[in-house]
Structure formats: structure tokens, C-alpha cells
Amino acid sequence: MKKQRGAGILMPISSLPSPYGIGTLGAEAYHFVDQLDKAGQKYWQVLPVGPTSFGDSPYQSFSAFAGNPYFIDLDELVKQGLLTKEEIEAYDWGDDAEQVDYATLYQNRFPLLHKAYERSEHKQTKSFRKFQSANRYWLEDYSFYMALKFYFGGQEWSLWEDSLKYRRKDALVKYKELLQEEIGFWQFAQYHFFDQWKKLKKYANKKGIKIIGDIPLYVALDSADVWTHTDLFELDERKRPTQVAGVPPDCFSEDGQRWGNPLYCWKRMKKDGYDWWKHRMQANAALYDVIRIDHFIGIVHYWSIPAECPTAVEGKWRKGPGKHLTKVIRKATKGSDIIAEDLGIVSDQVRALINQTGWPGMKILEFAFDGGAENEYLPHHYQNSNCIVYGGTHDNQTLMGYYGNRTPEQLSFLMKYLHIKKVKQIPKAMLRLAYGSIADTVIFQMQDILELDDTARMNEPSTVGTNWRWRMKPGAFQKEQISRLKKYCTIYDR
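Colleague: I'm lost on the overall build of the protein in this one. Help?
Modeller: Regarding its fold elements, the protein presents 20 helices and 12 strands. Structurally, the protein occupies a C-alpha span of about 70 × 55 × 40 Å along its principal axes. When the 494 residues of the protein are sorted by exposure, 58% land in the buried category. Sequence separation of 24 or more characterises 75% of the internal contacts of the protein that already satisfy a separation of 6 or more. Surface exposure of the protein reaches about 21600 Å², of which carbon and sulfur atoms provide 50%. Of the side chains in the protein, 66 bear a positive and 61 a negative charge, and the two mean positions are spaced by 8 Å.

Okay, here's the thing in C-alpha cells:
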């Protein structure tokens, strides 16, 4: 990122307040931009905005290119005459303003969007045809994939009939004709997502706020990308993964993490100049002002786990594409700012590549107090300003939950370092510590600014069932927090 001190907030779109079960690109998103502006913030970081699959993780999406239809603002569709307020309110959107109910959303959102689609005349518009043309690389494949997925009761493509699994021409032609209307619906949903996103981003940019987007290094097996481009992934003759992604055992997990994503066939990708990656990064550069590449270390070397193994223990390190891919990314994003998520086992090769690119890495304050004064995540060890400092990320405990799990020795050192006497002062002191550091950019989770406990935690890695659900209560981000952030931005030249 460019050399300018700044600060921002990590706030997923899904976590915004909304009467419709999940945050959207509507009025509350614009209100949040206004609050960021008042708080002196220069960045709004979001989690991946793609359509989510089983487990609701934004890091396991049905597409590396598409937007999440859940984020389409329903009130905007009312303004366009495609829905009525009564129709929206006739559906159940869950009864907990602080939790997303994904099962309810899945049941109710799509029938409502279908009603809007049936009334829409978008197909005759110049703007829709322009949208189709601009997204030709992925839009038709994704829409066809989703139409098939719903037709087959939500099954992943590997369970479809062989003629479709192997993409035989006669079967593709047959089902495209059969599902023509449903394919049109999924294109309609993408058209509205991107139209609303573009307007929100323009509004934020006018206020001087850049949007940081997060992209997973890997894509989900159950995705349009893998079904459409099977040759780009390590699959056997039955189109099943032979090796899957994850990370090795460490101090946090004795079994490591088995993510299950299919691995890229890097040799094959190299042959066409990483064409899929070019398209992916161009699409993300259009979507975001700054792109954070999740699990950047996998570009240098990645943990390869035999698909039949239930844990990550049996994996081995393999060499990634390295600078060949980072050169492609730089060219495809045309100078957009990039953040390299360099958390995990950072080797000398990873550090060398990050230094070569000039992209900033990440410093996590929650990692800073596990040892003593020599811990590299403590701000007095930051060697230069070209980094982003976080209190914690979406994968970590909230700051309130974090200090409850420290040993007495760790807590004693932490409080001495922060110059505080009471445990409850930790979140504010951490915020001030980060803002006063030499790091060019500071990003804190909304939960930590609101000083919420672990019931507001976004994700606990290697668990399924309660993640990705937290939502901010309406009115929770108040003048007190906004004023504090503004004050720290002023004091520390952010």
C-alpha cells in the first residue's frame, strides 16, 4: 500500500444491521461509510463477498468471481418496483438481530428474488448487456452452474450425472435449454449485486474511504471455477481431488488444518500464463481498492495433503509458483494496492518474495504477548512502516475473549507493556498502541472497537456450525467510539 498513514475497520457486509436477516448493500452500508468518515478512517475492510456454500464460510464460495445474492438490498428492489414492502415482510428473516440465520435465508431469499426477476425488464437494457459483456469470462458458467445446482437439489457437481460432471457437449446443450430461465435468474442476481456494489464503492471513495477486499488463495471444490476448469486443478480421472489444501500441525492444532480445497495444477496454469489468475485478479481489482491475498505463503510453498487423509498430519511441503504468479498479479491489478497475508510458517523465501514485491505484510497484536519482550509482533520490533497492524483478524478471538485466556505471566507482561492497571482497559489500550505504532495502516475488527466478548467471534478455525454469524446491533457504533477513533487518528497522524 502507498506510504500514507491511515486506519480502518474490519466489518463484513454480512455483519451490518438490517431487518432482513443479514447485512446488505443498502442504507446501513451507506450509514457505516458516513460513520467511518466521521471517525477519520481511510479504510473499510470486508471479508470475501462471494456466494457462500455449506458451512457459510466466505472462504468457501461457489465462485471466485460472483457476488453474494444475500447482500442485494431488498429495499432498492422496492424502489425499482420489482418488489413490495409487504412481500418482503411476509417472509421470516430470523428473530435474532445479532446472528445470521443462514438456513432461513436460504429458504426465503431466493423465492423473493425470483419474484423480482419475473417482473424485471433488465434484459432489454443497455446496462445489462454491458454487464454481460464485461463479465463474459465467468458469468455464463457461474449462472449455469447455480441453475444446475438448484435443479439437482443442492448437490455438488461431483455427484451430478457423468455427462454433466465430464461436461459432455450434448448434455451441456440439453440442460442450457432446459434451464434457460433459471440461468437468466442467476445473471439477474449478479447484475443487481454488482450494480449496488459499484454505487456503494463510489460513495465510499468520494468520502476518501478505500475498500479492502479479502480473497482466499484457494477456491472451493464445490464451485463453478473447478467444474468449468477441471484441468487447472489436481483431480483424478473421476474428477476427485488427489491432494487438498491445509496447513501443518502447529502449537494451535496438533492435527493441523485440513481445509479440503483442491490444489492448483501450477504446471498447467503456467502453460497459459496463469490466464485464470489474470481474470480473477482483474475482477478483484475492479471490485476493491486494496486486495488482501489470504494465505499468501501458499504462493511460495504450500502444504499438500493426500485427499484420503482425514487430518493435515500426512501432508508435505511443495513449491508454489512464487514470483511467476506475483508478476501476473501485479500486471493484472494495474497498480492496485495489495496486502500479503503472511501469517503462519513464514520462511526466508516468503520474506524474500514479499520484500521483492514491496507489498505490506501483517502484524497481529494478539500474537504479540505469548512470549516476552523479544516477540516479533510487539510494535518495538517493527522494522519498517510498510505493514498493516491488526488487533486480531476474523480467525482470532475478540480482544475481550483473548485476555481471558492469558496465563497470569502473560497478562502481567501485557498490562505492563500497555501501561494499564485494569484488565478491562486492554481493548482501548491495544487500540492506542496500534495507532501509535510506525505501521502505515491500522485495522481493528468492529467487535473489538465495541469491546464485545467471544460470543461475537467471527470464526474459530477447524469448527463448523456457529461461525460467520455475528451481526452488529442497530445503533451499536456510537458517538463515543467514533470520537475516540477520530482523536487517535488526529494524535497519531492517521
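Resuming the write-up.
Colleague: Can you help me understand the environment of Pro 19 in this one?
Modeller: Examined against the element boundaries, Pro 19 turns out to sit in the loop between β1 (6-10) and α1 (27-38). A C-alpha to C-alpha distance of 19 Å links Pro 19 and Gly 81, two positions 62 residues apart in sequence.

Colleague: Got a minute to help me understand the sheet that holds strand β5 (residues 257-262) in this structure?
Modeller: One key point about sheets: their strands pair by backbone hydrogen bonds, in either a parallel or an antiparallel sense. Spatially, β5-β4-β7-β8 is the arrangement adopted by the four strands of the open sheet, whose pairing is antiparallel. Both edges of this open sheet fall to β5 and β8 (316-319), since each of them pairs with a single strand only. Sheet twist, expressed as the mean angle between neighbouring strand axes with direction ignored, is 50°.

Colleague: Help me understand a positive patch on the surface in this model?
Modeller: There is a patch of like positive charges on the surface, built from Lys 126, Arg 129, Lys 130, Lys 198, Lys 202 and Lys 206. Contributing elements (two or more residues each) for the positive patch: α5 (126-134) and α9 (180-206).

Colleague: What am I meant to see in the packing of helix α4 (residues 102-119) against α9 here?
Modeller: The axes of two packed helices give the description: the angle between them and the distance between them. In the contact formed by α4 and α9, the axes pass within 10 Å of each other and the chain directions differ by 95°. By the criterion of interaxial angle, the relationship of α4 to α9 is roughly perpendicular. Within the contact between the two elements, α4 uses Phe 110, Leu 113, His 114, Ala 116 and Tyr 117 and α9 uses Glu 181, Glu 182, Gly 184, Phe 185, Trp 186 and Phe 188. Considering only residue class, the contact of α4 with α9 consists of seven nonpolar, two polar and two charged.

Colleague: Is there a simple way to explain unusual backbone geometry in this structure?
Modeller: Backbone geometry places Arg 167, a non-glycine residue, at a positive phi of 55°. Here Arg 167 is to be found in the loop between α7 (162-165) and α8 (169-178). Backbone geometry places His 295, a non-glycine residue, at a positive phi of 55°. Within the fold, His 295 resides in the loop between β6 (290-293) and α13 (297-300).

Colleague: Help me understand the sheet that holds strand β9 (residues 337-340), please; the structure alone is not making it clear to me.
Modeller: Strand order in this open sheet of eight strands is β9-β6-β3-β2-β1-β12-β11-β10, and the pairing throughout is parallel. Because the sheet does not close on itself, it has two edges, and the strands there are β9 and β10 (361-364). Strand-to-strand twist in this sheet, taken as the mean axis angle between neighbours without regard to direction, amounts to 25°. Two elements, strand β3 (residues 210-215) and β6, share four bridges in a ladder whose sense is parallel. Looking at the pairing, Gly 213 lines up with Ile 291 of β6.

Colleague: Mind showing me how you'd approach α9 here?
Modeller: For an α-helix, 3.6 residues make a turn, and residues three or four places apart therefore share a direction. For α9, spanning 27 residues, the distance from its first C-alpha to its last is 39 Å, which sits close to the expected 39 Å at 1.5 Å a residue. Where α9 ends, the next residue or the one after it, Gly 208, has phi of about 80°, a positive value.

Colleague: Just to check I follow, could you spell out the packing of helix α17 (residues 408-418) against helix α18 (residues 426-435) for this structure?
Modeller: Put simply, α17 and α18 touch, their axes get as near as 10 Å, and they point 55° apart. The angle between α17 and α18 places the two elements in the oblique class. In terms of crossing hand, the pair formed by α17 and α18 is left-handed. Across the interface between the two elements, Leu 411, Leu 414, Tyr 417 and Leu 418 from α17 touch Ile 426, Ala 429, Met 430 and Leu 433 from α18. Partitioning the contact of α17 with α18 into residue classes produces eight nonpolar, no polar and no charged.

Colleague: Even after reading the chapter, I still don't get the packing of aromatic side chains, so can you show me in this structure?
Modeller: Each aromatic ring pair is summarised here by two numbers: the centre-to-centre distance and the angle between the ring planes. Applying the stated rule across the entire model yields 52 aromatic pairs. With a centroid separation of 5.3 Å and 80° between ring planes, the pair formed by Phe 110 and Phe 150 is classed as edge-to-face. Of this pair, Phe 110 sits in helix α4 while Phe 150 sits in helix α6 (residues 139-151); the two residues are 40 residues apart in sequence, bridging distant segments of the chain. Aromatic side chains Phe 296 and Trp 359 sit 6.1 Å apart centroid to centroid with 80° between the ring planes, which places their arrangement in the edge-to-face category. Residue Phe 296 is located in the loop between β6 and α13, and its partner Trp 359 is located in the loop between α15 (348-357) and β10; the two are separated by 63 residues in the primary sequence. On the basis of relative accessibility, which here comes to 0%, the residue Phe 296 falls in the buried class. Between the NZ or CZ atom of Arg 109 and the centre of the ring of Trp 93, over which it lies, the distance is 4.9 Å. Directly above the ring of Tyr 435 sits Arg 494, whose terminal nitrogen or CZ lies 6.0 Å from the centroid.

Cut-off values and rules
Residues numbered from 1 in each chain as written. Predicted model: local features only at pLDDT ≥ 70, side-chain atom pairs only at ≥ 80, totals over all residues. Heavy atoms only, no water. Helix = DSSP H or I, 4+ residues; strand = E, 2+ residues; numbered from the N terminus. Buried < 20%, exposed > 50% of the residue type's maximum accessible area, 1.4 Å probe, protein only. Contact = heavy atoms within 4.5 Å. Areas by Shrake-Rupley, 256 points an atom, 1.4 Å probe, with all protein chains shown as cover. Lys, Arg positive; Asp, Glu negative; His and termini not counted. Charge placed at Lys NZ, Arg CZ, Asp CG, Glu CD. Pairing = 2+ DSSP bridges. Axes fitted to C-alpha atoms, helices over the stretch in contact; angles between N-to-C directions. Patch = residues over 30% accessible without salt bridge, like charges linked within 9 Å, V, L, I, M, F, W, Y side chains within 5 Å. Salt bridge = Lys/Arg side-chain N within 4 Å of Asp/Glu carboxyl O. Parallel < 35°, antiparallel > 145°, perpendicular 65-115°, else oblique. Nonpolar A, V, L, I, M, F, W, Y, C, P; charged D, E, K, R; others polar. Expected span 1.5 Å × (residues − 1). Left-handed = near helix turned anticlockwise from the far one by under 90°. Phe/Tyr/Trp six-rings, centres within 6.5 Å; stacked < 30°, edge-to-face > 60°. Lys NZ or Arg CZ within 6 Å of the ring centre and 35° of its normal.

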